[in-house]
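The residues making up each chain are set out below.
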Amino acid sequence: MIVAGNWKMFDGPDARALRAALGDLPHVVAPPYTRLRECVDAGLTTYAQNVHWESEGAFTGEISPPMLQALGVTGAIVGHSERRQFFGETDEGVAKRTRAALAAGLNVIACVGETEAQREAGETEEVLRRQVGVLEAHPNLVIAYEPVWAIGTGKTATPEIAQDAHAFIKSLLDLPVLYGGSVKPDNAAVLLSQPAVDGALVGGASLDIDSFVAICRAGS
Ligand code: PEP
């Protein structure tokens, strides 16, 4: 069971205080780039929120796998819906980032999920098939199912919706699948108890130490 906290473009909690509060609980934190070193130094399992496919080059604003590894970062989120929605990331780009990060030895959480309009139009499986279809199974790859309509909205997928989507994703690619979308301490246990739910990717609730620790505990 993996519980990962995506701090997005928020400064986030104090790294040492979070480390102390987590104790032995398994966790991943994905802070903004500016706080990666501090999180690594505090002893947190630290991922980046994105990663480029080249090692170096003329790619303004990007960060490469070896640059992250030099800081002690052990993984990256790739293809978050906010990257797809606001920064034009495509399935092909997500596949390239994923492949390069895995080849470099990083762990990867690759995000997939449908928008509200796509769900209402009955296109959820088609979207998931397309997004998952560009990925290949790898021991260091996990998928995060994050229905876009549930991210940062307070709307959570029902446990049944999560279970069905996760089972469908696993039928395409046999990998662990995390659920993401308004996971909070009060809904984590029921979501995480679904048989096809292998963990959670937590946004807003990971910014608060008590909330994140409670969700990690629900997953442990
Ligand atoms: C996320 O950022 O991946 C996320 C799921 O956000 P939230 O938990 O705030 O919906």
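Conventions adopted
- Residues numbered from 1 in each chain as written.
- Predicted model: local features only at pLDDT ≥ 70, side-chain atom pairs only at ≥ 80, totals over all residues.
- Heavy atoms only, no water.
- Axes fitted to C-alpha atoms, helices over the stretch in contact; angles between N-to-C directions.
- Helix = DSSP H or I, 4+ residues; strand = E, 2+ residues; numbered from the N terminus.
- Parallel < 35°, antiparallel > 145°, perpendicular 65-115°, else oblique.
- Left-handed = near helix turned anticlockwise from the far one by under 90°.
- Contact = heavy atoms within 4.5 Å.
- Nonpolar A, V, L, I, M, F, W, Y, C, P; charged D, E, K, R; others polar.
- Buried < 20%, exposed > 50% of the residue type's maximum accessible area, 1.4 Å probe, protein only.
- Arc of directions from axis to C-beta.
- Salt bridge = Lys/Arg side-chain N within 4 Å of Asp/Glu carboxyl O.
- Pairing = 2+ DSSP bridges.
- Right-handed = clockwise from strand over helix to strand, strands pointing away.

Some thoughts on the packing of helix H7 (residues 124-133) against helix H8 (residues 159-172)
Axis angle and axis distance: for two packed helices, these are the angle between their axes and the distance between the axes, and together they describe the pair.
Thinking step 1. At a closest axis distance of 10 Å, the pairing of H7 and H8 adopts a crossing angle of 40°. Taken as axis vectors, H7 and H8 run oblique relative to one another. In this structure, the crossing between H7 and H8 has a hand that is right-handed. Every residue of H8 that contacts H7 at Glu-125, Leu-128, Arg-129 and Val-132 is listed here: Ala-165, Phe-168, Ile-169 and Leu-172.

Some thoughts on the packing of helix H1 (residues 15-22) against helix H10 (residues 209-219)
Thinking step 1. Viewed as axis vectors pointing N to C, H1 and H10 meet at an angle of 35°, and their least axial separation amounts to 10 Å. Viewed along their axes, H1 and H10 form a crossing whose handedness is right-handed. Seen from H1, the contacting residues are Ala-17, Leu-18, Ala-21 and Leu-22; seen from H10, they are Ile-209, Phe-212, Val-213 and Cys-216.
Thinking step 2. Class assignment of the residues belonging to the contact of H1 with H10 gives a composition of 8 nonpolar, no polar and no charged.

Focus on helix H9 (residues 185-192)
Thinking step 1. For H9, the complete set of buried residues consists of Asn-187, Ala-188, Leu-191 and Leu-192. Seen end-on, H9 carries its buried residues on one side only, within an arc spanning 125°.
Thinking step 2. As for H9, its buried residues are in contact with H8, strand S7 (177-180), strand S8 (199-202) and H10.

Considering the pattern of salt bridges
Thinking step 1. Under the counting rule described, the total for this entry stands at 10 salt bridges.
Thinking step 2. Between Glu-82 and Lys-8 there is a salt bridge; the shortest N-O distance is 2.8 Å. Of the two residues, Glu-82 is situated in helix H4 (residues 81-87) and Lys-8 in the loop between strand S1 (2-6) and H1; the sequence distance between them amounts to 74 residues.
Thinking step 3. You can call Glu-82 partly exposed: its relative accessible area is 22%.
Thinking step 4. Lys-8 sits in the buried class, given a relative accessible area of 15%.
Thinking step 5. In this structure, Glu-89 and Arg-97 form a salt bridge, with 3.3 Å as the shortest nitrogen-oxygen distance.
Thinking step 6. Using a relative accessible area of 6% as the deciding quantity, one classes Arg-97 as buried.
Thinking step 7. Shared partners join several salt bridges into a network, and the residues in it are Glu-62, Arg-83, Glu-89 and Arg-97.

Quick notes on the pairing of S1
Thinking step 1. With 4 of 5 residues buried, S1 lies mostly within the body of the structure.
Thinking step 2. Inspection of the sheet shows S1 paired to S8 by 4 bridges, in the parallel sense. In the sheet register, Ala-4 faces S8, and the bridge partner there is Leu-201.
Thinking step 3. Sheet topology places S1 next to strand S2 (residues 28-30); 3 bridges connect them, and they run parallel. Bridging from a neighbouring strand, Ala-4 pairs with Val-28 of S2.
Thinking step 4. Handedness of the β-α-β unit built from S1, H1 and S2 comes out right-handed.

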